[in-house]
Amino acid sequence: MTTTTPARGRRRAPSRMERAAGRAAAFQKPRVILALLLLLALTSVMLLDGYLRSEIGNDARVRDGAAYDKVPGRILDGGPLLTFDHGTARTQSVPDRTIVLTFDDGPTATWTPQVLKVLEENDVDATFFMVGSMISRYPGVVKSLVKQGNEVGIHTFTHVDLSYQSAARLQRELKQTQLALAGAAGVTTTLFRAPYSSEIDAVDNYSWPVYQEIGDLGYTSVFVDTDSDDWKKPGVSKIVRWATPKKNKGAIVLMHDAGGDRSQTISALGTYIKKMKAKGYTFTTVSGAQAMLNGNRSGVGRQSGSAGAGAGASAGAGTGGTGAAQAAQHQAAGATLYEGRALVYAVAVAEWVVPALSWFLLVVGVAVMGRFGMMLILARRHHRQRNRGRGKGGRGGGRFSWGPAVTRPVSVIVPAYNEKECIANTLRSLAKSTHPIEIVVVDDGSDDHTSEIAESLGMPNVRVVRQENAGKPAALNNGVRTARHDIVVMMDGDTVFEPDAVHQLVQPFADPEIGAVAGNAKVGNRTTLIGAWQHIEYVMGFNLDRRMYDLLRCMPTIPGAIGAFRRDAVLGVGGMSEDTLAEDTDITIALHRAGWRVVYQEHARAWTEAPGSFRQLWSQRYRWSYGTMQALWKHRKSLTDKGPSGRFGRVGMPLVVLFQIVTPVFAPLIDVFTGYSMIFVDFRAALLAWLAVLAVQLICAAYAFRLDREKYRYLAMLPVQQLAYRQMMYLVLIHSCVTALTGGRLRWQKLKRTGEVGTPAGAGR
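None of these values were measured; they are calculated from a predicted model. (Residues numbered from 1 in each chain as written. Predicted model: local features only at pLDDT ≥ 70, side-chain atom pairs only at ≥ 80, totals over all residues. Heavy atoms only, no water.)

(A) Geometry of the overall build of the protein chain. Scanning the protein chain from terminus to terminus reveals 23 helices and 22 strands. In the protein chain, which comprises 765 residues, the share counted as buried stands at 56%. Contacts spanning at least 24 positions in sequence make up 80% of the contacts within the protein chain whose residues lie at least 6 apart. Taken as a whole, the protein chain presents about 32,000 Å² of accessible surface, with 56% of it coming from carbon and sulfur. (Helix = DSSP H or I, 4+ residues; strand = E, 2+ residues; numbered from the N terminus. Buried < 20%, exposed > 50% of the residue type's maximum accessible area, 1.4 Å probe, protein only. Contact = heavy atoms within 4.5 Å. Areas by Shrake-Rupley, 256 points an atom, 1.4 Å probe, with all protein chains shown as cover.)

Put into structure tokens, the structure is as follows:
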């Protein structure tokens, strides 16, 4: 029998679909690019954070005991201040009874402010040789330091031994640190101290060329006269004693404001300053000492007991080097200033984003593991409950039953659009049904003779209804309206039912509270790699989930491949809606909100043809993901529904949002963190963590395969699926989120079919 029905509903002409499709197509590529750019941006933030923490590009080599025969003797015997004038090296020593306090490896948010407080209390300025990565992380500390009248110098950006580095790395270390200084305090500097350096007589054949190159760039290399060795934490008295120069000589003194617990340094600093002042020593900066050597003693430091000295030193504070005590500093301007600010802002973002993401991903990871545990427990309970007494003659607590057997005829609706490859197999499988059925084929404007093929089979219980192309929801609604029975089974035009599928599917309707039933969809074309991956996903991800949601009474989706509904229930909620692309999720949530119960019938099996290419798979899952978001947004008020009808909003929607949207969206970051850790942090620990998660997934998958009586050999592909297929699904979801945020729309998409799914026996199980 053939019936022709015009398109009904809000969409009266296919031109609207065509216009929507055109707009969607125009936005597809930009959205994919935007999704990838978001992931790239987050990866870049991680890499920046890792670089700042010396997890990336770190070179821990430190040279020791090298020869020094190529270093001029006058340099090795000279003072701690090394400069170059037109290639000629020159050293200077600090004047007698003069102390230049220097602090290395900072700044830090903990110890540097305490050092500054002690210096301020004692009217003393110091020179801080700072690491660029630390400057960019604590710009506020640097700004306060400079404003107080102290001087800054470069200690490289990543604290590496420059004697092992290339000329390009040397230039980069200097430039990046200058940019960090410019961004933090608006200054640059000409003072430099190499990491792991000490007294000038330690210069060797490998480091000497480095100092020559640095000198040619206009820097003054600053060594030390006395080392407090405070990093050894020897105690306050030893730090004070070791920092004291002999015979009233002047000295550049080394202390640290970073690199570990510096509480002894803080305690020793005040004592040391008071001791040296009592001996008549002057405290100044490196620039102040150089000014004194050049005969300029104005504003170079704070004399012991002199009230005017402090004012003189403060005169240059915060001015980028207008005072002699800060003469090595210069006001940053132009590109250097703006690039520096950009660096500081980028680091601030990284400093906030990476820890926040780490904690968030930890929470997500715990939630995912909890979900795995909940799935296993509830799936086992569901299986034991629904299979109680099967094959045991009713023993063990009685055979499970939905109620009196449902034997009355039902209507099977087959929406079809250009299904010439599959429609014959679909209808032949229905012809073998053990349950009385009528078949309603709704031809949605096919142009490949789908309806003619259906009619040519000569099946007496098949009716073909033709309509203008209006989309799958309209085709299903047309089928529901023309159905003759009170129970309607909906399926896809490429799906093959097992003989008892319809009978098993409708048995739950013996319970009058049940308004819809989800069947067990199987991948028929599982012989290919992409098909096998989808097979694992269907068994583990979909069917195991449905067992859990069934017991929780919040089933989110009845699969379009196999589902059954009370006809009155469908009509009561307005039929299949065109508001979303996931009409199956939309109708399922609507039924929940109408007070109906939705269950899963694992014994009703259907075999569907999954996408055979990555392009088709992306298209299908993109529509599913985006449609699910649309459906959840449409039914967002279910969160406030009361009574049984609000159970989905209270339980189902939070679970779906958390585990089908939020978790997968951030899952790529977990993989990025894992890959980052393997490459830059601890390969073994990261690999073991990844293998542990894989083992949990394998256990869940194996149990799901056991419940569905599937062959375990497909699980061998699970590790590869985690590395390739899963990433694609995550990108699809991110793409869908971007589409949702930008307000795009898609149409019902038609996938290319091959018709290779025939009878269940040939499905490749």
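(B) Here's a closer look at helix α8 (residues 236-243). Among the residues of α8, Ile239, Val240 and Ala243 are the ones counted as buried. Seen along its axis, α8 keeps its buried residues to an arc of 95°; they face one direction. Looking at the buried side of α8, the elements it contacts are β10 (226-227), β11 (251-256) and α9 (263-278). (Arc of directions from axis to C-beta.)

(C) Structural detail: the environment of Ala324. Tracing the backbone shows Ala324 in the loop between α11 (307-314) and β14 (329-331). On the accessibility criterion, Ala324 (17% relative accessible area) is buried. A sequence separation of 35 residues divides Ala324 from Ala289, and the C-alpha atoms of the two residues are 9.0 Å apart.

(D) Looking closely at the pairing of strand β3 (residues 88-92). In this structure, strand β2 (residues 81-85) lies alongside β3, joined through 5 bridges in antiparallel fashion. Pairing of Leu81 across the sheet is with Gln92, part of β3. Hairpin remark: β2 followed by β3, antiparallel, with 2 residues in the connecting loop; positive phi at His86, about 55°. (Pairing = 2+ DSSP bridges.)

(E) Molecular detail of the pattern of salt bridges. Scanning all chains against the criterion turns up 21 salt bridges. The salt bridge partner of Lys472 is Glu583, with a shortest N-O separation of 3.7 Å. Note that Lys472 is positioned in helix α15 (residues 472-482) and Glu583 in helix α19 (residues 583-593), a separation of 111 residues in sequence. Take Lys472 and Glu583: they sit in the same class, and that class is buried. A salt bridge links Arg597 to Asp511; the shortest N-O distance between them is 3.8 Å. Separated by 86 residues along the polypeptide, Arg597 in strand β22 (residues 597-608) and Asp511 in the loop between α16 (501-506) and β20 (514-523) bring together distant segments of the chain. (Salt bridge = Lys/Arg side-chain N within 4 Å of Asp/Glu carboxyl O.)

(F) Structural detail: unusual backbone geometry. The peptide bond linking Gly106 to Pro107 adopts the cis configuration, its omega dihedral lying at 0°. Of note, Pro107 is situated in the loop between β4 (98-104) and α3 (112-121). For His449, which is not a glycine, the phi torsion comes out positive at approximately 70°. Since its relative accessible area comes to 54%, His449 is described here as exposed.

(G) A look at the nonpolar core. The biggest cluster of nonpolar side chains holds 60 residues, and the ones touching the most others in it are Leu101, Leu119 and Tyr272. Here Tyr272 is in contact with Ile99, Leu101, Val240, Ala243, Thr244, Pro245, Val253, Met255 and Phe283, once residues within four sequence places are set aside. Counting residues in hydrophobic clusters, the runner-up holds 59 residues, among them Ile589, Ala631, Phe648 and Ile661. (Core = buried A, V, L, I, M, F, W, Y, C linked by side-chain atoms within 4.5 Å.)

(H) Here's a closer look at the packing of helix α17 (residues 529-552) against helix α20 (residues 614-634). Here α17 crosses α20 at 25°, and the two axes come no closer than 11 Å. Classified by the interaxial angle, the pair formed by α17 and α20 is roughly parallel. The crossing of α17 and α20 is right-handed. Contact residues: Ile530, Trp533, Gln534, Glu537, Tyr538 and Phe542 in α17; Phe614, Leu617, Gln620, Arg621 and Trp624 in α20. (Axes fitted to C-alpha atoms, helices over the stretch in contact; angles between N-to-C directions. Parallel < 35°, antiparallel > 145°, perpendicular 65-115°, else oblique. Left-handed = near helix turned anticlockwise from the far one by under 90°.)

(I) Focus on the environment of His155. If you trace the backbone, His155 turns up in the loop between β6 (151-154) and α6 (167-185). Taking the C-alpha atoms as reference, His155 lies 9.0 Å from Phe128; in sequence the two are 27 residues apart. Not counting chain neighbours up to four residues away, the residues in contact with His155 comprise Asp104, Asp105, Phe129, Met130, Val131, Arg193, Ala194 and Pro195. Within the local environment of His155, its side chain forms a polar contact with the side chain of His159, the two groups lying 3.4 Å apart. (Polar contact = N/O pair within 3.5 Å; in protein donor to acceptor, adjacent residues only side chain to side chain.)

(J) Broad picture of a positive patch on the surface. A surface patch of like charges, here positive, comprises Arg97, Lys238, Arg241, Lys275 and Lys279. Within the fold, Arg241 resides in helix α8. (Patch = residues over 30% accessible without salt bridge, like charges linked within 9 Å, V, L, I, M, F, W, Y side chains within 5 Å. Lys, Arg positive; Asp, Glu negative; His and termini not counted. Charge placed at Lys NZ, Arg CZ, Asp CG, Glu CD.)

(K) Inspection of the side chain of Arg546 at higher detail. Take Arg546: it is sitting in helix α17. Asp584 provides the closest opposite charge to the buried, salt-bridge-free Arg546, at an N-O distance of 6.8 Å. The contacts of Arg546, once residues within four sequence positions are left out, are Ala518, Met555, Thr557, Pro559 and Tyr600.

(L) Geometry of the packing of aromatic side chains. All told, the structure shown has 6 aromatic pairs when counted by the stated rule. A ring pair is formed by Phe84 and Trp208, whose centres lie 5.8 Å apart and whose planes are at 40°; its orientation type is tilted. On the criterion of sequence distance, the pair formed by Phe84 in strand β2 and Trp208 in helix α7 (residues 208-216) is long-range, its members being 124 residues apart. We note that Phe84, like Trp208, is buried. Judged by centre distance (5.1 Å) and plane angle (55°), the ring pair of Tyr211 and Phe223 falls under tilted. With Tyr211 in helix α7 and Phe223 in the loop between β9 (220-222) and β10, the pair connects residues that are 12 residues apart, well separated along the chain. In this structure, Tyr211 and Phe223 share a single accessibility class: buried. The ring of Tyr164 has Arg63 lying over it, and the distance from NZ or CZ to the ring centre is 3.9 Å. (Phe/Tyr/Trp six-rings, centres within 6.5 Å; stacked < 30°, edge-to-face > 60°. Lys NZ or Arg CZ within 6 Å of the ring centre and 35° of its normal.)

(M) Structural context of the environment of Asn469. Take Asn469: it is sitting in the loop between β17 (462-467) and α15. When the C-alpha atoms of Asn469 and Tyr417 are compared, they prove to be 8.2 Å apart, with 52 residues separating the residues in sequence. Looking at Asn469, its side chain comes within polar contact range of the main-chain oxygen of Asp444, at 3.0 Å.

(N) Quick look at the packing of α3 against α9. Between α3 and α9, whose axes approach to 10 Å, the crossing angle comes to 20°. Between α3 and α9, the interaxial angle falls into the category roughly parallel. Between α3 and α9 lies a crossing whose hand is right-handed. Side by side, α3 and α9 meet where Gln114, Val115, Val118 and Leu119 of the first sit next to Ile266, Leu269, Gly270 and Ile273 of the second. For the contact of α3 with α9, the class distribution of residues is 6 nonpolar, 2 polar and no charged. (Nonpolar A, V, L, I, M, F, W, Y, C, P; charged D, E, K, R; others polar.)

(O) Inspection of helix α10 (residues 286-293) at higher detail. α10 sits mainly inside the fold: 7 of its 8 residues count as buried. Within the span of α10, buried status applies to Val286, Ser287, Gly288, Ala289, Gln290, Ala291 and Met292. Looking one or two places after α10, you find Gly295, whose phi comes out positive at around 90°.

(P) Region of the structure containing the pairing of strand β5 (residues 127-130). The alternating pattern of β5 places Thr127 and Phe129 on one face and Phe128 and Met130 on the opposite face, and all of these are buried. Relative to β5, β4 is paired through 3 bridges, and the arrangement is parallel. Within the sheet, the bridge partner assigned to Thr102 lies in β5 and is Thr127. Chirality of the crossover, the property in question, places the unit of β4, α3 and β5 among those that are right-handed. (Right-handed = clockwise from strand over helix to strand, strands pointing away.)

(Q) How the structure looks around the confidence of the model for the protein chain. For the protein chain, the average pLDDT comes to 84, and 84% of its residues sit at 70 or higher. Across residues 6-27, where pLDDT falls below 50, the model places 18 contacts with residues more than four positions away in sequence or in other chains. Scored below 50 in pLDDT, residues 303-322 shows 35 contacts in the model against residues more than four places distant or in partner chains. (pLDDT = per-residue confidence, 0-100.)

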